[in-house]
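Below are the chains, spelled out letter by letter.
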Amino acid sequence: MRTYRKAVMAIAAAGALAALAAVPSYAGQWQQDGNGWWWQNDDGSYPYWMWAWIDGNHDGIAENYYFDENGYLSTDTASQGLQVNENGALLVNGVVCTAQIPGGGDWYPGVAVDGKMFVAEADRSEVNAVEAALAAEREARERAANEREDIDPSELALRIVELVNEERVRKGKTELEINDELMESARVRAEEVSENFSHTRPDGTSYTTAITLEYAAAAENAAHVYGHTMEEIAHDALDAWIKSPGHHVAMIQSKWSDTGVGVYVNGTQVSVAQLFIKNK
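Residues numbered from 1 in each chain as written. Predicted model: local features only at pLDDT ≥ 70, side-chain atom pairs only at ≥ 80, totals over all residues. Heavy atoms only, no water.

Visitor: Mind laying out the overall build of the chain, listing which residues take part and the relevant values?
Guide: When its secondary structure is counted, the chain shows five helices and 14 strands. In the chain, which comprises 280 residues, the share counted as buried stands at 48%. Summarising the internal contacts of the chain: among those between residues at least 6 apart in sequence, 66% fall at separations of at least 24. For the chain, the exposed surface amounts to about 13,000 Å²; the carbon and sulfur share of it is 49%. (Helix = DSSP H or I, 4+ residues; strand = E, 2+ residues; numbered from the N terminus. Buried < 20%, exposed > 50% of the residue type's maximum accessible area, 1.4 Å probe, protein only. Contact = heavy atoms within 4.5 Å. Areas by Shrake-Rupley, 256 points an atom, 1.4 Å probe, with all protein chains shown as cover.)

Visitor: Any details on the confidence of the model for the chain? Residues and values, ideally.
Guide: Scored by pLDDT, the chain comes out at a mean of 80, with 79% of its residues at no less than 70. In the model of the chain, helix α1 (residues 124–143) stands out as the element of lowest mean pLDDT, 55, in contrast to strand β11 (residues 177–178), which has the highest, 97. This model gives residues 1–26 a pLDDT under 50, and the stretch forms 81 contacts once residues within four places in sequence are excluded. (pLDDT = per-residue confidence, 0-100.)

Visitor: Mind laying out the sheet that holds strand β7 (residues 90–92), listing which residues take part and the relevant values?
Guide: In spatial order, the strands read β6-β7-β8; together these three strands make up an open sheet with antiparallel pairing. One side of each edge strand has no neighbouring strand; the edge strands of this open sheet are β6 (83–84) and β8 (95–96). Across two bridges, β7 lies against β8 in antiparallel orientation. If you follow V92 over to β8, its bridge partner there is V95. (Pairing = 2+ DSSP bridges.)

Visitor: How would you summarise helix α5 (residues 245–252) if you had to cite specific residues and measurements?
Guide: When you tally the buried positions in α5, you get six out of eight residues, the bulk of the element. Listed as buried for α5 are P245, H248, V249, A250, M251 and I252. Taken together, the buried residues of α5 touch α2 (153–170), β12 (217–225), α4 (230–242) and β14 (269–278).

Visitor: Mind laying out helix α3 (residues 180–195), listing which residues take part and the relevant values?
Guide: For α3, which comprises 16 residues, the first-to-last C-alpha distance of 24 Å matches the rise-based estimate of 22 Å (1.5 Å per residue) to within 8%. Turning to α3, its buried residues are L182, M183, S185, A186, R189, A190, E192, V193 and S194. (Expected span 1.5 Å × (residues − 1).)

Visitor: Pulling in residues and values, what's your account of the pattern of salt bridges?
Guide: Evaluated as defined, the whole model comprises eight salt bridges. With a closest N to O distance of 2.6 Å, R159 and E231 form a salt bridge. Here E231 lies in helix α4 and R159 lies in helix α2, a separation of 72 residues in the sequence. Exposure remark for R159: the relative accessible area of 18% places this residue in the buried category. A single salt-bridge network, built from bridges that share partners, covers R189, E192, R201 and E220. (Salt bridge = Lys/Arg side-chain N within 4 Å of Asp/Glu carboxyl O.)

Visitor: Describe the packing of α2 against α4, with residues and values.
Guide: Taken N-terminus to C-terminus, the directions of α2 and α4 make an angle of 40°; their axes are 9 Å apart at the nearest point. As the angle between them shows, α2 and α4 are arranged oblique. Every pair of crossing elements has a handedness; the one defined by α2 and α4 is right-handed. Residues E155, L156, R159, I160, L163, V164 and E167 of α2 form the contact with α4, whose participating residues are M230, E231, I233, A234, H235, A237, L238, W241 and I242. Residue composition of the contact of α2 with α4, by class: 11 nonpolar, one polar and four charged. (Axes fitted to C-alpha atoms, helices over the stretch in contact; angles between N-to-C directions. Parallel < 35°, antiparallel > 145°, perpendicular 65-115°, else oblique. Left-handed = near helix turned anticlockwise from the far one by under 90°. Nonpolar A, V, L, I, M, F, W, Y, C, P; charged D, E, K, R; others polar.)

Visitor: Please give an account of the packing of aromatic side chains that cites residues and values.
Guide: Applying the stated criterion across every chain yields a total of seven aromatic pairs. Judged by centre distance (6.1 Å) and plane angle (90°), the ring pair of W38 and Y72 falls under edge-to-face. One end of the pair, W38, is in strand β2 (residues 36–40); the other, Y72, is in the loop between β4 (62–67) and β5 (73–74), and 34 residues separate them in sequence. Owing to a relative accessible area of 9%, Y72 belongs among the buried residues under this scheme. (Phe/Tyr/Trp six-rings, centres within 6.5 Å; stacked < 30°, edge-to-face > 60°.)

Visitor: Outline the packing of α2 against α5, supporting the account with residue identities and numerical values.
Guide: Across the interface, α2 lies against α5 with an axial gap of 9 Å and an inter-helix angle of 85°. In terms of their interaxial angle, α2 and α5 are classed as roughly perpendicular. The segment α2 lies against α5, with V164, E167 and R168 engaging H248, M251 and I252. A breakdown of the residues in the contact of α2 with α5 according to their chemical character gives three nonpolar, one polar and two charged.

Visitor: Please give an account of the pairing of strand β13 (residues 258–266) that cites residues and values.
Guide: Within a regular strand, side chains alternate between the sheet's two faces. Note that β11 and β13 share two bridges and pair parallel. Across the sheet, I178 pairs through a bridge with T259, a residue of β13. Looking at chain direction, β13 and β14 are connected through nine bridges and run antiparallel. Opposite D258, over in β14, you have I277 as the bridge partner. Hairpin geometry of β13 and β14 is characterised by an intervening segment of two residues between the two adjacent antiparallel strands and by a positive phi of about 65° at G267.

Visitor: So what's going on with unusual backbone geometry? Which residues, and what values?
Guide: The backbone phi angle of W49 is positive, close to 50°, even though this residue is not glycine. With respect to the helices and strands, W49 occurs in the loop between β2 and β3 (50–54).

Here is the structure:
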């Protein structure tokens, strides 16, 4: 990290995390307390549980950092298949990844794709509108859950792989190979996230411990979705990931070779987990 600012206030409690908008923010600064460093925006909000581009010294050049669920800068990114330096800045081929933030702000959400900034296709207001519409639809679907067609988890998983590969091709990436062993690992993860929506497993270990084959790098996307038909559910999962910059980036990384998707149906809720790996 090029420049740190001395802390002037304590970080908010872990349970009181401020909402973030996917638009540039200005006049932020690095803060520090006994637990570590975080990026404080001028409105008091801060990025958490996400990657973000930070222009720490306001010179127009930003680096890419990961912030944990409490908003602290983290260097624990190996489980995501990404490498950072001692200051937490993302490295691509051993070199710190830099970019200019759209609109001239000093922070922007997202992680580099192939060493370049990925700019979300929709701003936060559009995403909020879509999420509100989806929430209304899902409430209606829950009321009519008994009308939903029978869902074959294996068939739905394969359909989601098809849709993800279509999105990758649309972004100029290669299609992923379906790996049967990874499909089983993803099935296990889907059941786990149905009860605990987290990349941490019920035993406290990382999701990567569910992967039983050897790999060089890995990532996971997960979602809870609802719908009357298999096709609706598959598209809802894909749409949710596309509208989340971090999930979309994970989906379209060039380095992934194989994938596995797991589906777990629990009443009206369908939990989906997708694993991505780079082969050794």
